[in-house]
Amino acid sequence: MPLVPTADLLHAAVGHRTGLAAFNVVLLETAEALVDAAEETGLPVILQISQNCVAYHGAMEPIAEATLALAHRSSAHVAVHLDHAEDAQLARRAVELGFGSVMFDGSALDYEHNVAATVAVVEYAHAHDVLVEAELGEIGGKDGAHAPGVRTDPDEARRFAEETGVDALAVAVGSSHAMTERTAALDLELIGRLRHAVPVPLVLHGSSGVADETIEQAIRAGITKVNVSTHLNRFFTDAIRSHLGAHPETVDPRKYVREGRAAVTAEAARLMTLFDVDGAGGTGGTETVHR
């Protein structure tokens, strides 16, 4: 199946009032696991490659081209997204490679500079029919910039979306990046206010630290795109630890990495089904429905 535009998946999720899984790629094996999960469930997925992932691999092309190839050959509805790019040139390169969306993170900048930098990315991306996600004020836990108590102001969020022309907005509602325990308390009332104030779909970052029930509540309150990374990384690592503990003589990495890949597939499939509240997106359809 051809690569699916992120916009199609996002707008369909908005129309169905369901959550859209956006999972981070770290290695080729995690990309394979996420595609397998989408094929098993019949649900759409966004494969996210972060700026940190690009730095780990030394360049964007190796991991990006492999991920794009997996998406192209999959029978599932798969989109590819650049996550947390603080470098506008990296966002441009993702557009050139064929990503369906980019997340430009200008949240470390003051408001006016964030707007100006985001507008420049939006203009370039939109000229190539690529969706742009942005962030207003850093989400808690990222480089220690904010505590989880930081909240996005609905009026400022609406103003930012209107001034920049972004297509999706990451909001601070109580989650925190890189959490290894699922104890974050989300401000559901604020999510509802943001949903009514902001003219574009809302994105929940730091979802690894949010319990199942709370994620469901957040989706019902107005969150559309749900980002998960650390939680799946833990399943990958735990499976490898378990295999090596039981088979300390193993030296072939394929034997233990296979276990990690399988664990990610199983948990990603479970999360995708969880996010598909009321089974609204089970057809995997991608009809465009505007907010």
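Keep in mind it's a predicted model, so treat the numbers as computed, not measured.

Peer 1: What am I meant to see in the confidence of the model for the protein here?
Peer 2: Reading predicted coordinates in detail is not appropriate for stretches of low pLDDT. Predicted confidence across the protein gives a mean pLDDT of 89, with 87% of residues reaching 70 or more. Across residues 139–147, where pLDDT falls below 50, the model places 20 contacts with residues more than four positions away in sequence or in other chains. Low pLDDT (under 50) marks residues 283–291, which in the prediction has 28 contacts with non-local residues, meaning those over four places away or in another chain.

Peer 1: Quick question: what am I supposed to make of the pattern of salt bridges here?
Peer 2: Pairing between side chains becomes possible if they bear opposite charge and their charged atoms approach one another. If you walk through the whole model with that rule in mind, you get 15 salt bridges. Between Arg-193 and Glu-189 there is a salt bridge whose closest N-O contact spans 3.8 Å. Of this pair, Arg-193 and Glu-189 both sit in helix H8 (residues 188–197), four residues apart, which is roughly one turn of the helix. Assessed through its relative accessible area of 42%, Arg-193 is described here as partly exposed. Here the salt bridges share partners, and the residues they tie into one network are Glu-61, Arg-93 and Glu-96.

Peer 1: For this particular structure, what's the right way to read the sheet that holds strand S8 (residues 223–228)?
Peer 2: Each strand in a sheet pairs with another by means of backbone hydrogen bonds, the pair being arranged parallel or else antiparallel. Spatially, S1-S2-S3-S4-S5-S6-S7-S8 is the arrangement adopted by the eight strands of the closed barrel, whose pairing is parallel. Along the sheet, successive strands turn relative to each other by an average axial angle of 25°, direction set aside. Here strand S1 (residues 20–24) runs beside S8; their pairing, made up of four bridges, is parallel. Its bridge partner lying in S8, Leu-20 is registered against Lys-225.

Peer 1: How do you make sense of helix H6 (residues 111–126) when you look at a structure like this?
Peer 2: For the α-helix, the turn length of 3.6 residues means that residues three or four positions removed from each other point alike. End to end, H6 covers 22 Å across 16 residues, agreeing with the expected 22 Å (1.5 Å per residue, within 8%). Tyr-111, Asn-114, Val-115, Thr-118, Val-121, Val-122, Tyr-124 and Ala-125 are the residues of H6 that are buried. Those residues of H6 hidden inside the fold are in contact with helix H5 (88–97), strand S4 (101–104), strand S5 (131–135) and helix H7 (154–164).

Peer 1: Would you take a moment to explain the pairing of strand S2 (residues 45–50) for this structure?
Peer 2: Looking down a regular strand, the side chains alternate between one sheet face and the other. Of all six residues making up S2, six are buried, and the element is well covered by its neighbours. As paired strands, S1 and S2 are joined by four bridges and run parallel to one another. Bridge pairing in S2 places Phe-23 opposite Leu-47. Tracing the backbone out of S1, into helix H2 (residues 28–41) and back to the parallel element S2 gives a crossover that is right-handed. With six bridges connecting them, S2 and strand S3 (residues 78–85) associate as parallel partners. Residue Val-45 lies in a different strand from S3, and its bridge partner there is Val-78.

Procedures and definitions
Residues numbered from 1 in each chain as written. Predicted model: local features only at pLDDT ≥ 70, side-chain atom pairs only at ≥ 80, totals over all residues. Heavy atoms only, no water. pLDDT = per-residue confidence, 0-100. Contact = heavy atoms within 4.5 Å. Salt bridge = Lys/Arg side-chain N within 4 Å of Asp/Glu carboxyl O. Helix = DSSP H or I, 4+ residues; strand = E, 2+ residues; numbered from the N terminus. Buried < 20%, exposed > 50% of the residue type's maximum accessible area, 1.4 Å probe, protein only. Pairing = 2+ DSSP bridges. Axes fitted to C-alpha atoms, helices over the stretch in contact; angles between N-to-C directions. Expected span 1.5 Å × (residues − 1). Right-handed = clockwise from strand over helix to strand, strands pointing away.

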